Amino acid sequence: MSLPIFAREHAPPSTGSLFKSFWMGGFECATHRRHDGRRIDCIASTRHDELACQDYERLHSIGIRTARDGVRWHLCEQRIGHYDWSSVLSQVRAARDTNTQVIWDLFHYGWPDDLNIFAPRFVDTFGRFAGAFARLLREEGEEAPFFAPVNEISFFAWGGGDAGFMNPYSHARGDDLKRNLVRATIAAIEAIWEVFPNARIVHPDPIINVLPADDSPQLREQAAFFHDIQFWSWDMIAGRREPGLGGKMEYLDILGANYYPYNQWRHPGGPGATIAPSDPRYRPVSELLYDAAQRYNRPILLSETGIEFEARPQWLQYIGREARIAIKRGVPLEGICWYPIVNHPGWDDDRHCLNGLWDYPNEWGHRDSFEPMEQAFLQQIQMMGHPIGEDELYADAAQLDRAITTQGDLAEQSREKNAT
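Everything numeric in this text was worked out from a predicted model, so none of it was measured. (Residues numbered from 1 in each chain as written. Predicted model: local features only at pLDDT ≥ 70, side-chain atom pairs only at ≥ 80, totals over all residues. Heavy atoms only, no water.)

*Asks:* Help me out: how do you make sense of the side chain of serine 233 in this one?
*Replies:* Relative to the helices and strands, serine 233 resides in helix H9 (residues 232-238). Given the relative accessible area of 0%, serine 233 is considered buried. Reaching out from serine 233, the side chain makes a polar contact with the side chain of serine 154 at a distance of 3.1 Å. (Helix = DSSP H or I, 4+ residues; strand = E, 2+ residues; numbered from the N terminus. Buried < 20%, exposed > 50% of the residue type's maximum accessible area, 1.4 Å probe, protein only. Polar contact = N/O pair within 3.5 Å; in protein donor to acceptor, adjacent residues only side chain to side chain.)

Printed below as a string of structure tokens:
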């Protein structure tokens, strides 16, 4: 049930009631430009736009009724202020016709070419775009939509503004980029709520654990800083940090926690820095979720998780177990989204990434499924309402280590093979 805006700030968290299904599938929708200037379009490369109805029905076939999906802003607004919804209508109408609940990503790393992402005009334009898409959903019969305005503000600000490996390929501008993305998020929320006062807002960002590589005071201080920075975008949206940006607690509606096998590492990084599940300093996902819940007292969606190759079923089982442990501890966890649910080409090298439940489609639109993962999904869906057993609390971390290491080796082999 949706809450009126004025009630959001003090609303008690709930568990398992916000979404039509606890388990979800996410369709990779990145649209950023690579270093070589080529724009990525994962929705087109997986043919999800033309196969949206079949893809949603595939989700339903295993009991999933909620999805993350994306709007390709650069296609919808090729001229600023002029909207062409032809690139997203198939998804919108497929969701309506199949009764699939969608969390709509409005900005997944890509934006129209004639906008400067650091400029005030970017904020205003994005806000108008969000409002226009909300009006389209209303015209198409949507009554209670979910939106993720900007995907991974913290990660994107670091990757595109500091580390320089993502568009806009900048250095020493991460804070500037983060601030403008927060402003854009707030503008989008206000525009959406003008159309749908009951709309719910998800804010995806990675949850991480950063530890010092040794016990030196300098590394301890640096690691603590990088660990804490994971919360800054949420703090800004909530008005706890840099209140001049316009943040308010009511904007921080639903936390979207993204977690992958490489989300824990020893600072300063480098080869072998990833903290493995068998490491005594590894923190289970349930603990990271608990920390976020304690910090914000907000509903939480595990909005992205996944792994490649044969490790997929085991990782899914691990995440499902951790979710049940978190719920037992009182974490208001509303769902888990496997991301992506369909295999896609690698961003930088177009290699075949085997990280979904379903593969590329054949000429008739059929996608083969990865049977072990499908069985794991069906099992986890059945287990979500069951209590945690002692054997689940003490799973074999070393076995999970081996699965993660193997998938990393296979991914590297895949990159090398693709390069040659």
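*Asks:* I tried to follow the pattern of salt bridges on my own but got confused; where do I start?
*Replies:* Pairs can form between side chains of opposite charge once their charged atoms are near each other. Applying the stated criterion across every chain yields a total of 29 salt bridges. A salt bridge links aspartate 215 to arginine 220, with the nearest nitrogen and oxygen atoms 3.3 Å apart. A relative accessible area of 61% places aspartate 215 in the exposed class. Arginine 220 gets classed as partly exposed once you look at its relative accessible area, which sits at 39%. For glutamate 308, the salt bridge is made with arginine 351, and the minimal N-O distance between the two is 2.7 Å. In this pair, glutamate 308 is assigned in the loop between strand E9 (300-305) and helix H11 (312-328) and arginine 351 in the loop between strand E11 (344-345) and strand E12 (352-353), connecting sequence segments 43 residues apart. Each of the two residues, glutamate 308 as well as arginine 351, counts as buried. (Salt bridge = Lys/Arg side-chain N within 4 Å of Asp/Glu carboxyl O.)

*Asks:* Can you walk me through the packing of helix H5 (residues 120-139) against helix H7 (residues 174-195) in this structure?
*Replies:* Helix packing for two helices is described by the angle between their axes and how far apart those axes are. Contact geometry for H5 and H7: axes closest at 8 Å, N-to-C directions at 30°. Here H7 runs roughly parallel to H5, going by the angle between their axes. For the crossing formed where H5 meets H7, the hand is right-handed. The residues of H7 that touch H5, namely those facing Phe122, Val123, Phe126, Gly127, Ala130, Gly131, Ala134, Arg135 and Arg138, are Asn180, Leu181, Arg183, Ala184, Ala187, Ala188, Ala191, Ile192 and Val195. Class assignment of the residues belonging to the contact of H5 with H7 gives a composition of twelve nonpolar, three polar and three charged. (Axes fitted to C-alpha atoms, helices over the stretch in contact; angles between N-to-C directions. Parallel < 35°, antiparallel > 145°, perpendicular 65-115°, else oblique. Left-handed = near helix turned anticlockwise from the far one by under 90°. Contact = heavy atoms within 4.5 Å. Nonpolar A, V, L, I, M, F, W, Y, C, P; charged D, E, K, R; others polar.)

*Asks:* Explanation requested: the packing of aromatic side chains in the structure shown.
*Replies:* To describe a pair of aromatic rings, one takes the distance between the centres and the angle between the planes. Applying the stated criterion to the full structure yields 35 aromatic pairs. Ring geometry for phenylalanine 225 versus phenylalanine 226: centroids 5.3 Å apart, planes at 75°, classification edge-to-face. Both rings, one in tyrosine 259 and one in tryptophan 315, keep their centres 6.1 Å apart while their planes meet at 5°; by these two values the pair is stacked. Of this pair, tyrosine 259 sits in the loop between strand E7 (254-258) and strand E8 (264-267) while tryptophan 315 sits in helix H11, and the two are 56 residues apart along the sequence. Assessed through its relative accessible area of 0%, tyrosine 259 is described here as buried. Note on tryptophan 315: relative accessible area 1%, which makes it buried. (Phe/Tyr/Trp six-rings, centres within 6.5 Å; stacked < 30°, edge-to-face > 60°.)

*Asks:* Got a minute to help me understand the sheet that holds E9 in this structure?
*Replies:* To summarise the sheet geometry, strands pair through backbone hydrogen bonds and adopt either a parallel or an antiparallel arrangement. Pairing is parallel in the closed barrel, where eight strands are placed in the order E1-E2-E3-E4-E5-E7-E9-E10. Adjacent strand axes in the sheet meet at a mean angle of 25°, parallel and antiparallel pairs treated alike. Of the strand pairs in this sheet, strand E2 (residues 66-70) and strand E3 (residues 101-107) are connected by five bridges, and their pairing is parallel. The residue bridging alanine 67 from the neighbouring strand is valine 102, located in E3. Contacting E3 and strand E4 (146-150), H5 crosses the sheet at an angle of about 155° to E3. (Pairing = 2+ DSSP bridges.)

*Asks:* Is there a simple way to explain the side chain of serine 87 in this structure?
*Replies:* With respect to the helices and strands, serine 87 occurs in the loop between helix H3 (73-76) and helix H4 (89-98). When neighbours within four sequence positions are excluded, serine 87 is seen to be in contact with Arg72, Leu75 and Cys76.

*Asks:* Help me out: how do you make sense of unusual backbone geometry in this one?
*Replies:* Across residues other than glycine, the phi torsion is negative in most instances, and most of the peptide bonds are trans. Looking along the chain, the bond that leaves asparagine 167 and enters proline 168 is cis, with omega of 20°. Of note, proline 168 is situated in the loop between helix H6 (153-161) and H7. Omega for the bond connecting histidine 267 with proline 268 falls within 30 degrees of zero, at 20°, which places this linkage in the cis form. By the element assignment, proline 268 lies in the loop between E8 and helix H10 (285-296). Even without a glycine there, the phi angle at aspartate 350 is positive, about 65°. If you trace the backbone, aspartate 350 turns up in the loop between E11 and E12. On the accessibility criterion, aspartate 350 (34% relative accessible area) is partly exposed.

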